[in-house]
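Given next are the chains, with one letter for each unit.
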Amino acid sequence: RRGRLGQEGRASLCSFLLGASVAALPLLLGSSPSLLAAPGLRGRLALALHVAGVNAALLLIYPRPLYKIAVRACFLGFAFGCGLLLSAGRSAWRHFGWYMCSLSLFHYSEYLVTAINNPRSLSLDSFLLNHSFEYNLAALSSWVEFTLEKLFFPELKQITWLSTVGLLMVIFGDCLRKAAMLTAGSNFNHIVQNEKSDTHTLVTNGVYGWFRHPSYVGWFYWSIGTQVLLCNPICVVGYALASWRFFRERIEEEEITLIHFFGEEYLEYKRKVPSGLPFIKGVKLEL
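Residues numbered from 1 in each chain as written. Predicted model: local features only at pLDDT ≥ 70, side-chain atom pairs only at ≥ 80, totals over all residues. Heavy atoms only, no water.

**Q** Before we go on, may I ask you to explain the packing of aromatic side chains in this structure?
**A** Any aromatic ring pair is given by two values, namely how distant the centres are and how the planes are angled relative to each other. Per the stated rule, a full pass over the model turns up 17 aromatic pairs. Where phenylalanine 16 meets tyrosine 108, the ring centres are 4.4 Å apart and the plane angle is 15°; that geometry is what we call stacked. Linking phenylalanine 16 in helix α1 (residues 7-20) with tyrosine 108 in helix α5 (residues 94-117), this pair joins segments that are 92 residues apart in sequence. For tyrosine 108, a relative accessible area of 3% gives the class buried. Ring centres of phenylalanine 106 and tryptophan 222 lie 4.1 Å apart, and the angle between their planes is 20°; this geometry places the pair in the stacked category. One end of the pair, phenylalanine 106, is in helix α5; the other, tryptophan 222, is in helix α8 (residues 214-229), with 116 residues separating them in the sequence. Each of the two residues, phenylalanine 106 as well as tryptophan 222, counts as buried. Grouped by ring-pair contacts, the aromatic residues Phe106, Tyr135, Tyr216, Trp219, Trp222, Phe246 and Phe247 constitute a single cluster. (Phe/Tyr/Trp six-rings, centres within 6.5 Å; stacked < 30°, edge-to-face > 60°. Helix = DSSP H or I, 4+ residues; strand = E, 2+ residues; numbered from the N terminus. Buried < 20%, exposed > 50% of the residue type's maximum accessible area, 1.4 Å probe, protein only.)

Below is the structure:
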C-alpha cells in the first residue's frame, strides 16, 4: 500500500544502512576518516571483514528473493559509506566522495520511493543499476576522465567552488525527481506505459504545475551536476548532449501515449505548462 514500506522496502532499508555502517570503521579503529583514501593493511583488512560480515548476515537473515534485494541495497549503502569517508578526509579524492554519495543515494532512493509509492511495479530493476548499456558506459567514462585528469592535471580537481555548484545541482535535481515521483504516486513508473490502467490519472498539481516532466528535468540536471561536481569538462558536455537527446526522444514517446490516454485534457495541460527542459517542446501535433 502507498505510504507504507512492505517487506521488500524494509529489507532494502536495513541493508542499505548496514552497508553504510562502513563509515563508522574509523571510530572503531581509532583512525582518521582518511582510512579509505590511503589505507594500510589494517584499513584494507577492516574493509574486507566489514563486507564479508555484512554479506554473511544478509545470507542468514533473508531468503533468496529478499537477499537479491538486500545485497544490492547493501552495495549502494557501502558505496555511500565509502563516499562519506572520502568526503570527511582531506585527500585529493574528497570531491569524488561527494560523487559516490550522490550516485549511490540516487539509485537507492529510486528503489525506496518506488517501494513507498507504487509497490506493484517494484522490482530489482527499480534500483536502475542496469538502466542501459549507454548509461553504464557514461558512468565508466566519467570515472576514467576523473582519474586521468587527476593524474595529469591535479589542480583541475581541486576547484572546490565549482564542485560545490555541481553538488547543489545534484541535490536540486534529485530532490525535484523524488518530489515528482511522490506527487505522481502510483501513476509514476520507470517504464513508459502503453496501456492505461483503471487508476491512471493525469497529475497536474505540485511540481507538475511547474513542468510537464519534472522527473526528467530533475534527472537531467542531476546527471550534469555529477560531472560539474567532478570537474570533468569533457563529460559535462557529453552528458549534457546525451541527456538532452535521450529526454527529447523519451518525452515525445511518452506524450504520444499521454495524448492517447487523456486526449484534450492533456493537450490543454501541454499548452499551459512547459516541458521544463531547454529547447524541448514535446511531441508536435499535425493540424
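More follows now that the structure is in view.
**Q** Would you mind showing me how to read the packing of α1 against α5 here?
**A** The description of two helices packed together rests on the angle between their axes and the distance between the axes. Closest axis-to-axis distance for the α1/α5 pair is 9 Å, and the angle between their directions is 155°. When the axis of α1 is compared with that of α5, the two are roughly antiparallel. Helix-helix and strand crossings are classified by hand; for α1 and α5 the assignment is left-handed. Contacts from Glu8, Gly9, Ser12, Leu13 and Phe16 of α1 reach α5 at Leu105, Tyr108, Tyr111, Leu112 and Ala115. Broken down by class, the residue content of the contact of α1 with α5 amounts to seven nonpolar, two polar and one charged. (Axes fitted to C-alpha atoms, helices over the stretch in contact; angles between N-to-C directions. Parallel < 35°, antiparallel > 145°, perpendicular 65-115°, else oblique. Left-handed = near helix turned anticlockwise from the far one by under 90°. Contact = heavy atoms within 4.5 Å. Nonpolar A, V, L, I, M, F, W, Y, C, P; charged D, E, K, R; others polar.)

Such coordinate-based values are descriptive only and should not be taken to indicate function.
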